[in-house]
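Residues per chain are reported as follows:
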Amino acid sequence: MRKVSTMMCTCFAPRTTDQDDNPVGHRGNKVYVQDVSGTEPGSIHNSLRGFSSYSSQDYEAKPAGAETFAIADLARATNNFSPSNKIGQGGFGMVYKGRLRDGRLVAIKRGKKDAFEQRLSVEFHTEVEMLSQVDHLNLVKLLGYMEDGTERILVVEYVSNGNLGEHLDGTYGKVLDMSTRLDIAIDVAHALTYLHLYADRPIIHRDIKSSNILLTDTYRAKVADFGFSRVGPSTDVGATHVSTQVKGTAGYLDPEYLNTFQLNTKSDVYSFGILLIEIFTGRRPIELKRPSDERVTVRWSFRKFVEGKVADILDSKLERTPSALSIIERLAELAFACSAPTKGDRPSMKKAAEVLWEIRKDYLVEHQKEVKLKAERADSIRVESARSEMSADSHASLHQTSHRRRHWSLS
Ligand SMILES: Nc1ncnc2c1ncn2[C@@H]1O[C@H](COP(=O)(O)OP(=O)(O)OP(=O)(O)O)[C@@H](O)[C@H]1O
Ligand SMILES: [Mg+2]
């Protein structure tokens, strides 16, 4: 039996009860839990509590971030919200690909009519205003919005190469290699570090999962979907934000947040840990079609890790190269530390990004050696076969010369 390294992993003990034991309402695999101690769901007080210390006046001095769009422009951009422009569907509503009049390719997220029933317009505006000022290479840029009656539409940067979940599932045929997976994990870690350290109040994403990680054509990752983001507590140590509604996705949701309603950047760290496990196992956090002891991927992989069978958890689609095997243990340690049951045992996102960066550096050194060795082997095989071809040729020409000589001497 393996002794789990104390550096990153002193605390991870898989919960013994199933996620189903939680008082969680599921819509698809979305999780919504109402805080019973809060005010009535949907009351004005309730909706605004998350923003009570962050009034819309805070933004007035800043340059305007969000653009406002007219419905006619968005209808034109999407061919009148044509089904052929549809690229996805989620909890918020339909997502369409569109081209604006100025030529920009955008994703247009049209909220379901009931998605905002209980939310105030001011909250929507404040959130969009704030989020449109966030700018990072690894975050999907929120460009603007449209609001008219019950219609609410978000316009975001279009990211062309599908989402990470689809790539891990093999939807596009091409298997993501280890180095690409590490790069993607680092991109996500950087995006979250940026959000958590943004201004003096962190932004907590709250819905980190593989369908919210979009990929570019060069496999750079961009974290999407700030629909659930909230301005978090100040960066004072121990500061937490009491949320009125727990939101997130089953399998990725921080159990501590679920039980205490205390929102903290470490809730994103938890989801990131689960995502990291997904990245190197190729398994979804919950896989209901598997035998019961394999359904919750974090528990299954942790058990394998403790039994010293960490290589078993590596995605079967990945080549088991010595370089991949050399880092899987450290990757697993990091992922388990991030998904520790209590936030105090989880590293910060910044720390997690640094550890990942080190792992990637070591991986690349080993991988380069492998590539070099492979090239040398291929070279020596080429030289060998060239040699044997040459000796076969010289043998043949010798044979021909002597045959010709014989022929001449006869004539
Ligand atoms: N900016 C974008 N660029 C390209 N495709 C996008 C973009 N945003 C979303 N999509 C596609 O649309 C799909 C649905 O997105 P959406 O965010 O509505 O739902 P989801 O992420 O699957 O679930 P959830 O509602 O829980 O976030 C995504 O999985 C993605 O494939
Ligand atoms: Mg999404």
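Residues numbered from 1 in each chain as written. Chains lettered and ligands numbered in written order. Predicted model: local features only at pLDDT ≥ 70, side-chain atom pairs only at ≥ 80, totals over all residues.

Going by what an unreviewed UniProt entry lists, the chain is known as non-specific serine/threonine protein kinase and is assigned to Ceratodon purpureus. As recorded by UniProt, the Sequence similarities (unreviewed entry) comment attached to the chain reads in full: "Belongs to the protein kinase superfamily." (UniProt positions renumbered as here; feature names shortened; annotations may be inferred.)

1. A word on the sheet that holds strand β5 (residues 93-99)
Remark on secondary structure: sheet strands pair via backbone hydrogen bonds, oriented parallel or antiparallel. An order of β3-β7-β8-β6-β5-β4 is seen for the 6 strands of this open sheet, with the pairing classed as mixed. Looking at the sheet topology across the chains shown, the edges are occupied by β3 (67-68) and β4 (86-89). In this structure, β4 lies alongside β5, joined through 3 bridges in antiparallel fashion. Bridged to Q89 within β5 is M94. (Pairing = 2+ DSSP bridges. Helix = DSSP H or I, 4+ residues; strand = E, 2+ residues; numbered from the N terminus.)

2. Considerations on the pairing of strand β8 (residues 151-157)
Counted residue by residue, β8 has 5 buried out of 7 residues, so it is predominantly covered. Inspection of the sheet shows strand β6 (residues 105-111) paired to β8 by 5 bridges, in the antiparallel sense. Bridging across to β8, K109 finds its partner in L154. Connecting strand β7 (residues 142-148) to the antiparallel partner β8 that follows it, the hairpin turn spans 2 residues, and G149 within it adopts a positive phi of roughly 60°. (Buried ≥ 20, exposed ≤ 12 C-beta atoms within 10 Å, placed from the backbone.)

3. Quick word on the packing of helix α7 (residues 178-196) against helix α9 (residues 265-281)
Viewed as axis vectors pointing N to C, α7 and α9 meet at an angle of 175°, and their least axial separation amounts to 11 Å. Relative to α9, the element α7 lies roughly antiparallel. Seen from α7, the contacting residues are R181, I184, A185, V188, A189, L192 and H196; seen from α9, they are T265, D268, F272, L275, L276, I279 and F280. Split into classes, the residues belonging to the contact of α7 with α9 amount to 10 nonpolar, 2 polar and 2 charged. (Axes fitted to C-alpha atoms, helices over the stretch in contact; angles between N-to-C directions. Parallel < 35°, antiparallel > 145°, perpendicular 65-115°, else oblique. Contact = placed C-beta atoms within 7 Å. Nonpolar A, V, L, I, M, F, W, Y, C, P; charged D, E, K, R; others polar.)

4. Focus on the site of ligand 1
In the vicinity of ligand 1, 24 residues are found, and the nearest of them are G88, G90, G91, A107 and S211. Where the shell around ligand 1 is concerned, the elements lending two or more residues are β4, β6 and β8. Among the residues making up the shell around ligand 1, the classes are represented as 10 nonpolar, 9 polar and 5 charged. For the shell around ligand 1, the domains that each give at least three residues are domain 1 (2-34 + 161-352) and domain 2 (45-157). (Near = placed C-beta within 6 Å. Domains from an automatic or database assignment.)

5. With respect to helix α11 (residues 322-338)
In an α-helix there are 3.6 residues to a turn, and that puts residues three or four apart on one side. With 17 residues, α11 should reach 24 Å at 1.5 Å per residue; the first-to-last C-alpha distance of 25 Å fits that figure. Along α11, the helix axis deviates most sharply at I328, where the bend reaches about 35°. Burial of α11 is extensive: 12 of the 17 residues sit out of reach of the surface. Buried within α11 we find S323, A324, I327, I328, L331, A332, E333, L334, A335, F336, A337 and C338. (Expected span 1.5 Å × (residues − 1). Bend = angle between axes of the 7 residues up to and from the residue.)

6. A look at the environment of A224
With respect to the helices, strands and loops of the structure, A224 is situated in the loop between β11 (221-223) and β12 (230-231). Accessibility expressed as a C-beta count within 10 Å gives 25 for A224, which makes it buried. The spacing of A224 and L139 is 85 residues in sequence and 6.3 Å in space, taken between C-alpha atoms. Those residues in contact with A224 that lie beyond four places of it in its chain are V140, N212 and L214.

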